[in-house]
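# Per-entry structural report
The lines below spell out each chain.
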Amino acid sequence: MLQGLMMDTPLLITRIMRFADINHAGREIVSVTADSPRHRYTYADAFVRTRQLANALAGLGMREGDRIATLAWNDHRHLELYYAISCSGSVCHTINPRLFTEQIEYIVNHAEDRLVFTDPMFVPLLEELADKLPTVEAYIVLTDAEHMPDTSLKGAVSYEELLAGEPGEFDWPEFDENAACSLCYTSGTTGNPKGALFSHRATVLHAYGICLPDVMSFSERNCVLPVVPMFHVNAWGAPYGVPMTGAKLVLPGPKMGDSEALHELMESENVDYSLGVPTVWLNLLAYLEESGQTANSLQRVCVGGAACPASIIETFDTKHDVYVHHAWGMTEMSPVGVYNSLKTGMEALPADELLQVRLRQGRGLFGVEMKIVDDNGQELPWDGVSFGALKVRGPWVVSAYYKDDRPAVDADGWFDTGDVANITPEGFMQITDRTKDVIKSGGEWISSIELENTAVNHPKVAEAAVIGIAHPKWTERPLLVVVMRPGETISREDMLAWFDGKVAKWWIPDDVAFVDELPHTATGKLKKIALREQFADYEFPAGSES
Ligand code: AMP
């Protein structure tokens, strides 16, 4: 093979940092933190402190490949940790503080984290666990001396004291682009969490991918607010894609669940692009409705992590003139797999057809190959109807889980996402279920997600889940479980009548159960396993059969 004669420059995250430092030195990073309602500095300031932190890490004896954990919200200190840890060759292990304590214990021990950087808020949680975390040598609290809590944690010191006096120069090492840079465990609804170990190369390529014009399309002129946590698959890549383009970065700190604070932050900082899971947007839209306000600066929103209900797209569009992009991905994919941007001429589609296109999770971006297969592994056509197991392949998809000898991919290198999907001839993919949640009725599959989306579009319904219940004749039939909006009620018959004409007749659930709340995982996804346990003894009422 004749080799090309281009430089073999390793794709290191360090290059994103250097680029932003040189080209966008004066661009702002604004954060809310536990100790400051509005912290403001520039990329240049951030990277001076990143170099100070790298010196401090070296002083603590951290070496290449060591895992260093963070339990932190989205703020400037967490951003500094992202870069200082990864660029000095260690691995930034972001931990979701909402996981069960046993899961946190499991993953810190599995990762063998040597240091833990924590928000002050999680100090009591760690104090409870510390005895069971033998590999952790010291805990650094993300605050200053003045706000440092009293704590029994080993080696506890405030972040600002750790940085104080460290030189602002650091000689960043060069290493193989396939070196690990960060680690994120899946929130897994069954078994122990599994570690996705990202490499510098994958992270840089993923950052290029998400910045493309038909994807997040970041530019220097944007102001981006990731509401998705930095512990949820690196905030979907925003902390890399944003500095790569020099956009302004706004980080909401512990306020990400507070719609009033989020709205105020967006308006005052001129945020025009934001990313988050559907719950964030449902809450923000409800707050805007109640308070009679609008989202003025916001122009585009990326919704992912769970299916985007039509009401989010429609309300943002009609009341706030904000364009919603649906997106799909997973921890094992760094995470972005598809993104919904229209193709030429689609704007002219009739409104309901256009909405159906926009409700799809999106189309592939360069860097991710997709296919759907049937139970026998046979590839299914992209006809928008056939649905099967969704498999993916590409440079930012896992090949194996951390410390697991088995490959996570099949013989041809495809990773089974565990999702079920169909794909239109134009390449727009739609998730119809998780493989284990799909309802098998009379030899055919029913999409629980489509039924849930239809139910949630009812104005009186706050949240809905659909599970398969064993049925003597049909194998399984769908049961709808709903949470009503506060003060609202609806009869079983009216709820079921809502599905008429919206889904195939044989898909309509056989019964409705009204509950006060639904079980969720630590990342806010419906926990169907718990729901199935809750309804393990449920039987359809006589005569409910479709
Ligand atoms: P996680 O690794 O925790 O981000 O979870 C990934 C899983 O979340 C995917 O495999 C999907 O089942 C689900 N998911 C992510 N985005 C979407 C979406 N836009 N619509 C439906 N499900 C989604």
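Note that the structure is predicted; figures quoted are calculated from it, not measured. (Residues numbered from 1 in each chain as written. Predicted model: local features only at pLDDT ≥ 70, side-chain atom pairs only at ≥ 80, totals over all residues. Heavy atoms only, no water.)

### So, the domain arrangement of the protein chain
To keep it simple, the criterion reads: All domain edges in this entry derive from an automatic or database-based domain assignment.
In terms of domains, the protein chain is made up of domain 1 (8-28 + 36-207) and domain 2 (437-534). A C-alpha centroid distance of 41 Å is found between domain 1 and domain 2.

### Details of the packing of helix α1 (residues 13-23) against helix α3 (residues 76-87)
Note the following rule: Axis angles are defined between N-to-C directions and span 0 to 180 degrees, where every axis is a line fitted to C-alpha atoms and, for a helix, only to the segment in contact. Put simply, DSSP marks the helices as runs of H or I at least four residues long and the strands as runs of E at least two long, and each gets a number from the N terminus on. Each angle is binned into one of four classes, with values under 35 degrees roughly parallel, values over 145 roughly antiparallel, values of 65 to 115 roughly perpendicular, and all other values oblique. Note: crossing handedness is left-handed where the near helix turns anticlockwise from the far helix by less than a right angle, and right-handed where it turns clockwise. The criterion used for residue contact is that any of the two residues' heavy atoms lie within 4.5 Å.
The geometry of α1 relative to α3 is characterised by a closest axis approach of 9 Å and an angle of 130° between their N-to-C directions. As judged from the angle between their axes, α1 and α3 are oblique. As α1 runs across α3, the sense of the crossing is left-handed. In contact with Ile13, Thr14, Ile16 and Met17 of α1, α3 contributes Tyr83, Ser86 and Cys87.

### Considerations on unusual backbone geometry
The cut-off we apply is this: When accessible area is computed with a 1.4 Å probe and restricted to protein chains, residues below 20% of their type maximum are described as buried, those above 50% as exposed, and intermediate ones as partly exposed.
Cis geometry is found at the peptide bond from Ser334 to Pro335, where omega equals 10°. The residue Pro335 is located in the loop between β14 (323-329) and β15 (336-339) in this model. Located in the positive-phi region is Val233, a residue other than glycine, with phi close to 45°. Its location among the elements puts Val233 in the loop between β10 (223-226) and α8 (238-245). The exposure class of Val233 is buried, given its relative accessible area of 2%. For Asp321, which is not a glycine, the phi torsion comes out positive at approximately 55°. Along the chain, Asp321 turns up in the loop between α11 (310-320) and β14. Judged by relative accessible area, Asp321 falls into the exposed class, the value being 65%.

### Focus on the site of the ligand
Defined as follows: In this text, near means that some heavy atom of the residue lies within 4 Å of the molecule or strand in question. Identification of polar contacts relies on pairs of N or O atoms within 3.5 Å, with a donor-acceptor requirement for protein atoms, meaning one able to donate a hydrogen and the other able to accept it, and with residues adjacent in sequence counted only if both atoms are side-chain atoms. Using the Shrake-Rupley algorithm and a 1.4 Å probe, accessible areas are obtained, with residue cover drawn only from the displayed protein chains. For this classification, Asp, Glu, Lys and Arg are treated as charged, while Ala, Val, Leu, Ile, Met, Phe, Trp, Tyr, Cys and Pro are nonpolar and the rest, including Gly, are polar.
In the vicinity of the ligand lie 15 residues, with Ala327, Thr331, Gln361, Asp419 and Arg434 positioned nearest. At a separation of 3.2 Å, an oxygen atom of the ligand approaches a polar side-chain atom of His232. Thr331 places a side-chain nitrogen or oxygen 2.6 Å from an oxygen atom of the ligand. Protein chains shield 92% of the accessible area of the ligand, which is 500 Å² for the free molecule. Residues that form the shell around the ligand fall into these classes: 5 nonpolar, 7 polar and 3 charged.

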